[in-house]
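Now for the letters of each chain:
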Amino acid sequence: MTSKGRGGGPDEDPGPLSIFGRDEHGGGGDDGDGNHDGGESGAAADGPRRRRRGRRLLVWTLAVLLVLAGGAFGGLLWAADHYASSVRRIPDAFPTVPAAEQPPAVPHTGQTFLLVGLDARSDQPTTGRDAKAPAWQAGAQRSDTMMLMHISADRKSVSLVSIPRDTWVPVPGHGKAKINAAYSWGGPALTVQTVQDLTKIKIDHLAVIDWNGFRALTDAVGGVDITVPRTIEAKGDAREWLAGTHHMDGAEALLYVRERHGLPNGDLDRTKRQQNFLRALMLRTMDSGTLSSPAKLTGLLGTIGDVASVDDRLSNTDLYDLAWSLRDVRPDGVHFMNAPFGGFDTIDGQAVVLMDDGAAGVLWNAMRTDRMDDYLAQHRTSADTLGENVS
């Protein structure tokens, strides 16, 4: 592992994370401020910069949606049908219980995705085009990471809320258990049903990636820079992390996001690390020279198709429409947080995380009604949002 001093981002504000740059054929268009560029002279100076900016959001959004490991639908868009079709679809990903027993869809309130990272405990990939083992086999996998990602109806903000894997919740047909057991017992459909019952939020789409895919995706962007604010000593199976900024490849980043036994708040700190990784990935794709190279970008998009799976309700057209609609999202419009924490406990011999149901209800209602910006403004001090210093 190599370490370096804390590095700054680009000197200039990258501006909106546009999905598309200038028309590839060189025609005139809007310059982003509502002015028509007039044609050739603007194309020469503006085109490459805007195309690079477009690629950056595309890939990052896919990384988020597919993580967790975070969703970058845009990257699929850039290479059109070839890359959109390369992402494996998951059949029967949604519960078959009657509609009356599921949360109703609320019109004009954005879209909500459930992001799942799998701990398959196997060297064989279980997600993506090259899967050698099934994405779900009873008792074989548990969800290691779970996030709700809400995209606002006006497409100006994205909110990601982590639900710790040890959260004690009712699992339909099984009584109360850790939330990650739902995937083991019933795969994607039971996981979606469990989260919907917990939050009363209608899940629009599902994205799944296993840890083999996570590692490959990290390496495809050339690694990420993660800052550890203070040295964390080795404890048990947990490795030592020295204070400073580390450039991590896929294997090291995987160790970073999976660790919890060496962290003071266990699973809660672990979810913060996962969010911190996604933020680092976002910054990496915004300033990475890799994405300015068509050859390297093609390799990255091919990796996404190799490792990620999404529900079969998510068509190529859906990917295109969503990616285009996100063209004005800015980095400061992406928010990370944990579900409200209610304490730790030991139940049936298991160490579990309890959710603060009252506070969580307020958060879930804000997400359900597309009022996340209002929620964050009103809960600046109480919301467990991602800060700059992550253990």
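Since the model is a prediction, treat every value here as computed from it, not as a measurement.

Undergrad: Hey, could you go over the overall build of the chain for me, with residue numbers and the actual values?
TA: When helices and strands are counted, the chain shows 11 helices and 14 strands. Taken across its 391 residues, the chain has 55% of its residues classed as buried.

Undergrad: Before we move on, can you summarise helix α4 (residues 181-199) with the specific residues and values?
TA: In this model, α4 (19 residues) spans only 17 Å end to end at C-alpha, well below the 27 Å of a helix rising 1.5 Å per residue. Of all the bends in α4, the greatest reaches close to 135° and is centred on Gly187; the proline Pro188 follows between one and four positions later. With 16 of 19 residues buried, α4 lies mostly within the body of the structure. Phi for Lys200, located one or two positions after α4, is positive at around 60°.

Undergrad: Before we move on, can you summarise the side chain of Thr271 with the specific residues and values?
TA: Mapped onto the secondary structure, Thr271 falls in helix α7 (residues 267-287). Given the relative accessible area of 3%, Thr271 is considered buried.

Undergrad: Can you break down the packing of aromatic side chains residue by residue, with the values?
TA: For the structure on display, the rule yields two aromatic pairs. Ring centres 5.8 Å apart and planes at 80° place the aromatic pair Trp241 and Tyr256 in the edge-to-face group. With Trp241 in the loop between β9 (224-228) and β10 (244-248) and Tyr256 in helix α6 (residues 250-258), the pair connects residues that are 15 residues apart, well separated along the chain. Exposure remark for Trp241: the relative accessible area of 1% places this residue in the buried category. Classification of Tyr256 as buried rests on a relative accessible area of 1%. The lysine or arginine in question, Arg239, covers the ring of Trp241, its NZ or CZ lying 3.8 Å from the ring centre.

Undergrad: Can you break down unusual backbone geometry residue by residue, with the values?
TA: Look at Lys200: it is not a glycine, yet its phi comes out positive at around 60°. Examined against the element boundaries, Lys200 turns out to sit in the loop between α4 and β8 (205-210). The exposure class of Lys200 is partly exposed, given its relative accessible area of 48%.

Undergrad: Outline the environment of Val221, supporting the account with residue identities and numerical values.
TA: Inspection of the secondary structure assignment puts Val221 in the loop between α5 (211-220) and β9. Classification of Val221 by relative accessible area gives buried; the value is 3%. As a C-alpha pair, Val221 and Arg284 span 63 residues in sequence and 7.6 Å in three-dimensional space.

Undergrad: Account for the pairing of strand β6 (residues 168-171), naming residues and giving values.
TA: Direction of pairing for β6 relative to strand β7 (residues 175-178): antiparallel, over a ladder of four bridges. Following the sheet pairing, Val169 is matched in β7 by Ala177. The loop that links β6 with its antiparallel partner β7 comprises three residues; one of these, Gly173, has a positive phi angle of about 85°.

Undergrad: Explain the packing of α5 against α6 to me, using residue names and the numbers behind them.
TA: At a minimum axis distance of 8 Å, the contact between α5 and α6 shows a crossing angle of 125°. Classified by the interaxial angle, the pair formed by α5 and α6 is oblique. Both α5 and α6 take part in a crossing whose hand is right-handed. Where α5 approaches α6, its residues Trp211, Phe214, Arg215, Thr218 and Asp219 are matched on the opposing element by Gly250, Ala251, Ala253, Leu254, Val257 and Arg258. For the contact of α5 with α6, the class distribution of residues is six nonpolar, two polar and three charged.

What counts as what
- Residues numbered from 1 in each chain as written.
- Predicted model: local features only at pLDDT ≥ 70, side-chain atom pairs only at ≥ 80, totals over all residues.
- Heavy atoms only, no water.
- Helix = DSSP H or I, 4+ residues; strand = E, 2+ residues; numbered from the N terminus.
- Buried < 20%, exposed > 50% of the residue type's maximum accessible area, 1.4 Å probe, protein only.
- Expected span 1.5 Å × (residues − 1).
- Bend = angle between axes of the 7 residues up to and from the residue.
- Phe/Tyr/Trp six-rings, centres within 6.5 Å; stacked < 30°, edge-to-face > 60°.
- Lys NZ or Arg CZ within 6 Å of the ring centre and 35° of its normal.
- Pairing = 2+ DSSP bridges.
- Axes fitted to C-alpha atoms, helices over the stretch in contact; angles between N-to-C directions.
- Parallel < 35°, antiparallel > 145°, perpendicular 65-115°, else oblique.
- Left-handed = near helix turned anticlockwise from the far one by under 90°.
- Contact = heavy atoms within 4.5 Å.
- Nonpolar A, V, L, I, M, F, W, Y, C, P; charged D, E, K, R; others polar.

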